[in-house]
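As a plain string of letters, each chain reads:
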Amino acid sequence: MAEEVSSQMNSLSISETNPSSSATISLVSGDDIVFKVEPTIAKEMETVQSFIDETDGKITTIPLPNISSHDLPYVIEYCEKSIAGKITKEFEAEFVKKLNNEEVKELFLAANYLNIKKLLDFLSQVIADRIANKSVEYVRRYFGIENDFTPEEEAKLREELAWTFTGVDPDDEDEN
Amino acid sequence: MENLLPHPPHSKKRPQSESSIHDLPDEILSHILSFLPTKHAFKTILLSKKWIPICHSRSALHIDDIIVNSAENKIHLVRFVDAFMFSPHSQHLPLKSFSINCRSQQWDAKTDRFTFDKWIEAAKLRRVLRIYLYLLDVPLSPTIFCFKTLVSLTLVKIQPDTLFDSSVDLPSLKSLCLNDVRFHHIDHFMKLLSGCPVLERLSTMFVKVNDRATAKGYFKPLSKLIIAGIVLFEVPFKAVYNVQHLNVSGLGHDLISKETNSFYKDFPVFENLTVLNLCWSNNTQIHDWDELVKMLQNCPKLQSLYIIKAKSAPTKEDWKYPYHVPQCLLSHLITCNIRDYEAIEADFRFATYILQNARYLQMLD
């Protein structure tokens, strides 16, 4: 599905395509790999669709600088299933099994960037599942958060929230 | 993170631009949190200062005092809910759902009633849609029964203060569930029902009244009701006359006061009723099929009838075939199910009566 493209790719975002090839949309990942997809797939990606709409459909090559060629196939796969109405619990379970924490986060960012509501909700649930029952330290690492509380502030907050703590799972170290 | 139209890539390197989830706008982070159960979501307050307002902007607050085992713990819980309900970050945001489970002995009937009142008032300002309250031993102020936005209300183990001089206005309430709720007077309960003009689902169990004398106050039946699950002598039948689906348990006995008995037990015509579940109570004195036939006469459109007989009670043996047949048997009844059917004459006769008269019957169990 992917093909290397020449260096002219950089200027392609405003290049004209002939009407006959407008059947497919080319999505160009940040590392310059082109993925050809059906227009129905593009419709699932609000960001892409609004780009197409704004140019009256004349432009069919869309650069997606924030999305890598590693992540884009996952996004496309999910959109394809979504259009086919085949998003089942089983599919989602299989889909997420393939992804490590880093990939989940990257896909989440991609889904947010492309504005794909269903994928965003699904990945929100995945992230929520992965941080539920985990220690605060684990979640900080997971999100890359810098702790800006003083030790005293944190101790006080912890005491005040003591009634919510019913124990946490041991931190499993990230598989990355 | 920008959410504008994409720009052409400037470099061919993998473009992860050091953006991380943590840099996303608060709304997105808040969206992730909405998928976490409340107690895990609260902990995110500890992540960093940025997360405090994010946590306070949740659209649901579900509090459980399950591990509140000291006075200090309780004070912290109260302080937390205060901070959440009155947070300047969330005043403008609607709160969809508010639920409180208070079973701890730490709550005090005198002082904590004001705590709960305050939260209910805050919930009104936050335009809450759904409320669930479980308050052991702390009386509830009836101000909760004036709540414009409330769609669903569940009360468990609650003693509302007297509704004698307070009004009820629940113009949006569609679902009301009362479990182990004690009113001062039956009039107060009827007043509550009268204040729910669009109620569609009613479920009651162990609704008690200190004074069950016949309601004297003005009472309006629930004309929009679709489903009701009630216990005999808790809700009068005439209050739920318009339902399509009715479950009644605790059948099989009478009250000494004739007037009170008929206030609850008078069985109006249920014009829209299609499904009827009847369950006789275990302390039934005698099971009388006549009682049921009388009910059926007032359910002209009944399609499904489910009966659970009292196991221990004897059945009135000399049951005679009634002279006339209820309309529903002739034209609508499709399913009839009798549990704890006994091999006795009366039960056999009743089953035969149904079989002979129900023209459209497809299933008799």
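Source: prediction; values computed, not measured.

Check the secondary structure of chain A and you find 8 helices and 4 strands. In chain A, the succession of helices and strands from N to C terminus is β-β-β-α-α-β-α-α-α-α-α-α. Looking at chain A residue by residue over its 176 residues, the buried ones come to 30%. In chain A, once contacts between residues fewer than 6 apart in sequence are set aside, the share between residues at least 24 apart is 71%.

What follows concerns the overall build of chain B. If you tally the helices and strands in chain B, you get 10 helices and 12 strands. Against the globule reference of 21 Å for 365 residues, chain B gives a C-alpha radius of gyration of 27 Å, more extended than a compact globule. Dimensions of chain B, computed from C-alpha atoms along their principal axes, come out at roughly 90 × 60 × 35 Å. Among the 365 residues that make up chain B, the fraction classed as buried is 32%. Of the contacts formed within chain B by residues at least 6 apart in sequence, a portion of 69% connects residues at least 24 apart.

This part takes up the sheet that holds strand S7 (residues 227-231) of chain B. Note on sheets: strands pair through backbone hydrogen bonds, and any given pair is parallel or antiparallel. Residues and elements named next belong to chain B. Spatial strand order, S1-S2-S3-S4-S5-S6-S7-S8-S9-S10-S11-S12: 12 strands in an open sheet with parallel pairing. In the strand order of this sheet, the two ends are held by strand S1 (60-64) and strand S12 (363-364), each with one partner. In terms of strand pairing, strand S10 (residues 304-308) meets strand S11 (residues 335-339) through 5 bridges, oriented parallel. Bridge pairing in S11 links Leu 305 to Cys 336.

All names here are of chain A. Running from amino to carboxyl end, helix H5 (residues 101-114) crosses helix H6 (residues 117-131) at an angle of 150 degrees, the nearest separation of the two axes being 9 Å. Considering their axes alone, H5 and H6 lie roughly antiparallel with respect to each other. For the pair H5 and H6, the crossing hand works out as left-handed. Contact with H5, carried on its side by Asn 101, Val 104, Leu 107, Phe 108, Ala 111 and Asn 112, involves Leu 119, Leu 120, Leu 123, Val 126, Ile 127 and Arg 130 of H6 and no other residues of that element. For the contact of H5 with H6, the class distribution of residues is 9 nonpolar, 2 polar and 1 charged.

Here the focus is the pairing of strand S5 (residues 175-185) of chain B. Residues and elements named next belong to chain B. Two elements, strand S4 (residues 152-158) and S5, share 6 bridges in a ladder whose sense is parallel. Bridge pairing in S5 places Val 156 opposite Asn 179. Pairing analysis gives 9 bridges linking S5 to strand S6 (residues 201-211), with the strands arranged parallel. The residue of S6 that forms the bridge with Leu 178 is Thr 204. The parallel pair S5 and S6 is bridged by helix H6 (residues 186-194), and the resulting crossover is right-handed.

Moving on, we come to the interface of chain A and chain B. The accessible area lost on association of the parts is a frequent measure of interface size. Tallying the contact residues gives 42 residues for chain A and 39 residues for chain B. Breaking the side of chain A that touches chain B down by element, the ones donating at least two residues are strand S4 (61-64), H5, H6, helix H7 (136-143) and helix H8 (151-160) of chain A. Sorting elements by how many residues they give to the side of chain A that touches chain B places H5 of chain A first, with 5 residues. Looking at the side of chain A that touches chain B, its residues break down into 20 nonpolar, 13 polar and 9 charged.

This next bit is on the pairing of strand S9 (residues 275-280) of chain B. All names here are of chain B. With 6 bridges joining them, strand S8 (residues 245-251) and S9 adopt parallel strand pairing. Paired with His 245 across the strands is Val 275, a residue of S9. Running through helix H7 (residues 258-265), the crossover from S8 to the neighbouring parallel element S9 is right-handed. The pairing of S9 with S10 spans 5 bridges and is parallel. By the bridge assignment, Asn 277 is partnered in S10 with Tyr 306.

Another point: the UniProt feature "domain: SKP1 component dimerisation" (unreviewed entry) in chain A. Under the UniProt annotation, "domain: SKP1 component dimerisation" (unreviewed entry) lies at residues 117-163 of chain A. The span residues 117-163 of chain A is 70% helix and 0% strand, and its two end C-alpha atoms sit 35 Å from each other.

Here we take up the nonpolar core. Grouped together as the largest cluster of nonpolar side chains are 75 residues, with contacts concentrated most on Leu 222, Val 240, Leu 246, Cys 299 and Leu 302 of chain B. The biggest single contributor to this core is H6 of chain B, with 5 residues. The residues contacting Val 240 of chain B, other than those within four sequence positions of it, are Leu 202, Leu 222, Leu 225, Ala 228, Ile 230, Val 235 and Leu 246 of chain B. With 48 residues, the next largest nonpolar core counts Leu 109 and Ile 127 of chain A together with Leu 29 and Ile 32 of chain B among its residues.

The rules behind the values
Residues numbered from 1 in each chain as written. Chains lettered and ligands numbered in written order. Predicted model: local features only at pLDDT ≥ 70, side-chain atom pairs only at ≥ 80, totals over all residues. Helix = DSSP H or I, 4+ residues; strand = E, 2+ residues; numbered from the N terminus. Buried ≥ 20, exposed ≤ 12 C-beta atoms within 10 Å, placed from the backbone. Contact = placed C-beta atoms within 7 Å. Rg over C-alpha atoms; globule rule 2.2 N^0.38 Å. Pairing = 2+ DSSP bridges. Axes fitted to C-alpha atoms, helices over the stretch in contact; angles between N-to-C directions. Parallel < 35°, antiparallel > 145°, perpendicular 65-115°, else oblique. Left-handed = near helix turned anticlockwise from the far one by under 90°. Nonpolar A, V, L, I, M, F, W, Y, C, P; charged D, E, K, R; others polar. Right-handed = clockwise from strand over helix to strand, strands pointing away. UniProt positions renumbered as here; feature names shortened; annotations may be inferred. Core = buried A, V, L, I, M, F, W, Y, C linked by C-beta atoms within 7 Å.

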